[in-house]
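# Working through the structure, step by step
The primary structure of each chain is shown beneath.
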Amino acid sequence: MKCNLGIVFAMCLSLLGMTGITAAESVKRPPNVIVILTDDLGYGDLGSYGNEVIDTPNLDQMANEGVRFTNAYASASNCTPSRAGLLTGRYPIRSGMAHQVLFVNDTHGLPLEEITIAEMLKESGYQTAIIGKWHLGHTETFWPTQHGFDYYYGLPYSNNQNPLALYRNRQKIEEPVVQQTLTQRYTSEAINFIRDNKDRPFFIYIAHTFPHVPLYASEDFVGKSEASLYGDVVEELDWSTGAILKSLKAMGLDQNTLVIFTSDNGPYQGGVTAGLRSTKGTAWEGGYRVPFIARWPGEIPENKVSNGISMNIDLLPTIATITRSELPKGRKIDGRDITSMLKGSHDSPHEKLYFFADDDIAAVRTQNWKAVLSGRYRGVNRWFPDHDLKLLFDMNADPQERYSVESTHKDQWEKMMRFYREGRKEFGLSARHKSR
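Residues numbered from 1 in each chain as written. Predicted model: local features only at pLDDT ≥ 70, side-chain atom pairs only at ≥ 80, totals over all residues. Heavy atoms only, no water.

## Regarding the pairing of strand β10 (residues 292-295)
Side-chain alternation along β10 places F292 and A294 on one buried face and I293 and R295 on a second face that is also buried. In this structure, strand β9 (residues 257-263) lies alongside β10, joined through four bridges in antiparallel fashion. If you follow I260 over to β10, its bridge partner there is A294. (Buried < 20%, exposed > 50% of the residue type's maximum accessible area, 1.4 Å probe, protein only. Helix = DSSP H or I, 4+ residues; strand = E, 2+ residues; numbered from the N terminus. Pairing = 2+ DSSP bridges.)

Laid out in structure tokens, this is it:
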């Protein structure tokens, strides 16, 4: 399938017409919410995060017009658990998804008793859609439409699995998938959903397939970037974000729509971490820290930077606040309302954050410190053991996690170990590492 970028965007804009609501009309209703999630994008892959090779003008402009977080984290360093945390506002271990990366033969998924952002917003009258990669269960029981999404267009899991098909709701519409045009088609679907629901509040979760491997870009972007194919892919993701923002403006929805851009975890093959240690699949900063940009004209001041710690579990309670929705009842919500941080505050509502390796706590992060107990998400490197660690890092002086100061900051280490023991007790974990 050949898909021309210019034609796609022109067609989408023509469908918008000139009948969109005015800015004055739009602010009378609850705000729209769009969460754009990339797959395996590195903390240092965007211009606004220091990249000088990959061209990302739309995302850089989005950062200039909103807020950029410098200490934002995923809730896991792998695909499935991170998405579970983002959508439920809960550490993935609570839903049994902490060590679950789903593959073709798996028959389980996100438990139906979990409440997602989509389900929460449907109770507030929102139209909801997921466009892109789901990866939280691909049997009928766990399909996205069973978790609060009115509309689904995308892949059920990662693009390196086989068989792989593209779905619209429950209908398989393409197999094998022409991956070169996925980013463009996701963009078109998102714009169409915006157009169809411009007169009522909506929530769109755009979960891009890339830059997860294998990498594909459309003809409009192949060979364009100085960073080879990986750069081509990221530059097309930048284009996609720009096209969505332009569509919001064309429909008069710009000032009544919160748009958030982030990643599910750190990079894998390709991509950079801006000097942070390691990559996807680990509890080091390069695996957990992700870019996070938010834009909402008139509500989020321009050109703000927040250094407070946050995690993607914060999206659900934050969205609940701004949409005046009721938080899910009968469950522990680990996320916190970060509305003040969206406006540039450096004060985090979190005293600490937990990073996991399989079903155990691998690290504890506070605003200024990080204790690392296990670096690797799954398995152990036989030559360079990455478990049973006892490391403490001053994150202000050493964000690269190079030099442990555990031996010279005993009081701080003991405080972090208290957090660790409290967390293991709260999550009902075994007696492993009980001596700490």
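The discussion continues.
## Some words on the confidence of the model for the protein
This prediction gives the protein a mean pLDDT of 92; 89% of its residues lie at or above 70. Low pLDDT (under 50) marks residues 9-27, which in the prediction has 32 contacts with non-local residues, meaning those over four places away or in another chain. Below a pLDDT of 50 lies the segment residues 380-385, which in the model reaches four contacts outside its immediate sequence neighbourhood of four places, other chains included. (pLDDT = per-residue confidence, 0-100. Contact = heavy atoms within 4.5 Å.)

## Let's talk about the pattern of salt bridges
In this structure the tally under the stated criterion is 23 salt bridges. The salt bridge partner of D264 is R83, with a shortest N-O separation of 2.9 Å. Residue D264 is located in the loop between β9 and α8 (285-288), and its partner R83 is located in helix α4 (residues 79-88); the two are separated by 181 residues in the primary sequence. Looking at D264, the relative accessible area reads 0%, which means it is buried. (Salt bridge = Lys/Arg side-chain N within 4 Å of Asp/Glu carboxyl O.)

## Here we look at the sheet that holds strand β14 (residues 360-365)
Spatially, four strands are ordered β13-β14-β15-β16 in an open sheet, and the strand pairing comes out antiparallel. Each having just a single partner strand, β13 (353-357) and β16 (391-394) make up the two edges of the open sheet. Sheet twist, expressed as the average angle between the axes of neighbouring strands with direction ignored, equals 25 degrees. Note: β13 against β14, five bridges, orientation antiparallel. Paired with A357 across the bridge in β14 is D360. Sheet strands in contact with helix α11 (residues 410-426) are β13, β14, β15 (369-372) and β16, and its direction is about 140 degrees off that of β14. (Axes fitted to C-alpha atoms, helices over the stretch in contact; angles between N-to-C directions.)

## A closer look at the packing of aromatic side chains
A complete count under the given rule lists 18 aromatic pairs for this structure. Measuring from ring centre to ring centre gives 5.6 Å for Y354 and F427, while their planes differ by 85 degrees; the resulting arrangement is edge-to-face. Linking Y354 in strand β13 with F427 in the segment after α11, this pair joins segments that are 73 residues apart in sequence. You can call Y354 buried: its relative accessible area is 4%. The positively charged end of K280 is found above the aromatic ring belonging to Y268, 5.5 Å away from the centroid. Over the ring of Y43 we find R289, and its NZ or CZ is 5.4 Å from the ring centre. (Phe/Tyr/Trp six-rings, centres within 6.5 Å; stacked < 30°, edge-to-face > 60°. Lys NZ or Arg CZ within 6 Å of the ring centre and 35° of its normal.)

## Notes on the nonpolar core
If you look at the biggest cluster of nonpolar residues, it comprises 48 residues, and the most contacted ones within it are I34, L46, I194, F202, I204, I244 and L248. For this core, the elements supplying multiple residues, two or more each, are β1 (32-38), α3 (57-64), β4 (127-132), β5 (151-154), α6 (182-196), β8 (202-207), α7 (228-250) and β9. No other element matches α7, which puts nine residues into this core. The contacts of I34, once residues within four sequence positions are left out, are I194, F202, I204, I206, I244, L248, T257, L258, V259 and I260. (Core = buried A, V, L, I, M, F, W, Y, C linked by side-chain atoms within 4.5 Å.)

## Things to note about the environment of Y91
Following the sequence through the fold, Y91 ends up in the loop between α4 and α5 (117-122). Given the relative accessible area of 4%, Y91 is considered buried. The spatial distance from the C-alpha of Y91 to the C-alpha of Y354 is 8.4 Å, given a sequence separation of 263 residues. Apart from residues lying up to four places away in sequence, Y91 is in contact with M311, I313, D334, K352, L353, Y354, F356 and F427.

## What to know about the packing of α6 against α7
Between α6 and α7, whose axes approach to 10 Å, the crossing angle comes to 15 degrees. By the angle between their axes, α6 is roughly parallel relative to α7. Remark: the crossing between α6 and α7 carries right-handed chirality. For the pair formed by α6 and α7, the contact residues are T183, Q184, T187, A190, I191 and I194 on the first element and E236, L237, W239, S240, A243, I244, S247 and L248 on the second. For the contact of α6 with α7, the per-class residue count stands at eight nonpolar, five polar and one charged. (Parallel < 35°, antiparallel > 145°, perpendicular 65-115°, else oblique. Left-handed = near helix turned anticlockwise from the far one by under 90°. Nonpolar A, V, L, I, M, F, W, Y, C, P; charged D, E, K, R; others polar.)

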